[in-house]
Amino acid sequence: FGAHLLAFFAPHLGRKAQGTTFEAVGKDDLATLEVSHFSDKEQTRIAEVLDTLDEAIRLTLLTLNKRRNMAKGLVQEVFRCGNAAECLPSGWRIARIGDLCDRITDGTHQAVRTTTEGIPFLFVSCVRDGRILWDQSARIGSKTYENISPGRVPNVDSVLYTAVGSYGHAAAVNETKPFGFQRHIAILYPTKSQLLPSYLAEWLNSDEGRKIADQVAIGNAQKTITLGALTSFPIPIPSDVSIQNTL
């Protein structure tokens with residue numbers, strides 16, 4: 001019973017902890033805790049109930065983790081399978097990315113004047129390893145952003161994809177702040193009921209996604225993946241969208 005009681009007061013005691021090398025709670029802090037009185041029998045019964053709940057929670061989390069790992073393993077196997085429909089699990093299909101997105105476009109084609117402060121402006125180098133490198137972005141003024149943003153306003157349900165030069169890098173947008181980006185970056189707006197941004201980004205960054213990008217990239221000095229080619233990318237899709245969320 002005492003262990004459960006201390007666990008209950010842990011957040012409160014944590015705020016009172018002091019120390020430099022390591023934090024500790026003093027005896028005076030413990031002495032000031034107000035606790036209802038329970039008989040020995042009541043304490044034993046309460047501890048039994050709480051122990052049972054703790055065990056149920058532990059087993060539930062263990063089951064969820066096992067299912068999550070199984071689903072993730074299945075998705076990774078599908079990624080290795082690539083666009084061969086005959087080796088997909090039951091309930092999966094191959095679809096065109098363009099059919100699962102509300103819209104696909106690219107960044108501004110206008111020349112912009114960058115500043116040291118203001119709204120972030122992304123270049124191709126700012127999208128790497130599934131992340132947006134905000135610390136490497138330039139800055140633009142609010143009026144410039146207003147001029148270049150119509151038709152390409154990012155949101156947390158969109159995905160950025162480098163399409164020119166260092167192509168083939170994707171990142172899901174997970175912040176609500178406004179930002180602009182150059183035309184060498186494409187932006188995809190997945191249809192929420194069919195395709196999750198995190199899954200789309202993971203697929204585009206996978207070995208199979210990169211292989212497809214290499215196959216369709218055109219140009220010599222500066223390889224390019226056109227919006228038309230990106231729209232036609234094949235992607236394995238489960239009938240249950242929630243499976244995509246295991247990544």
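Analysis parameters
- Residues numbered from 1 in each chain as written.
- Predicted model: local features only at pLDDT ≥ 70, side-chain atom pairs only at ≥ 80, totals over all residues.
- Heavy atoms only, no water.
- Helix = DSSP H or I, 4+ residues; strand = E, 2+ residues; numbered from the N terminus.
- Buried < 20%, exposed > 50% of the residue type's maximum accessible area, 1.4 Å probe, protein only.
- Lys, Arg positive; Asp, Glu negative; His and termini not counted.
- Salt bridge = Lys/Arg side-chain N within 4 Å of Asp/Glu carboxyl O.
- Polar contact = N/O pair within 3.5 Å; in protein donor to acceptor, adjacent residues only side chain to side chain.
- Phe/Tyr/Trp six-rings, centres within 6.5 Å; stacked < 30°, edge-to-face > 60°.
- Lys NZ or Arg CZ within 6 Å of the ring centre and 35° of its normal.

Trainee: Honestly, the side chain of Asp106 in this entry has me stumped. Any pointers?
Mentor: Among the secondary structure elements, Asp106 is positioned in strand β2 (residues 101–106). There is no salt bridge for the buried Asp106, and the closest opposite charge comes from Arg152, which lies 4.0 Å off by N-O distance. One polar contact links Asp106 to His109, side chain to side chain, over a distance of 3.0 Å.

Trainee: Honestly, the packing of aromatic side chains in this entry has me stumped. Any pointers?
Mentor: Where two aromatic rings form a pair, the distance of their centres and the angle of their planes describe that pair. Following the criterion strictly, the structure yields 4 aromatic pairs and no others. On the numbers, 5.3 Å between centres and 80° between planes, the contact of Phe121 with Phe123 is edge-to-face. Plain terms: the ring middles of Tyr161 and Phe233 are 6.3 Å apart, the flat faces sit at 80° to each other, and that makes the pair edge-to-face. Taken together, the residues span a long stretch of sequence, with Tyr161 in strand β7 (residues 159–162) and Phe233 in the loop between α7 (227–231) and β11 (234–238) at a distance of 72 residues. Taken individually, Tyr161 and Phe233 each receive the classification buried, so the pair is uniform in this respect. Among the aromatic residues, those joined into a ring-pair cluster are Trp134, Phe179 and Phe181. Cation over ring: Lys177 sits above Trp134, and NZ or CZ is 4.0 Å from the ring centre.

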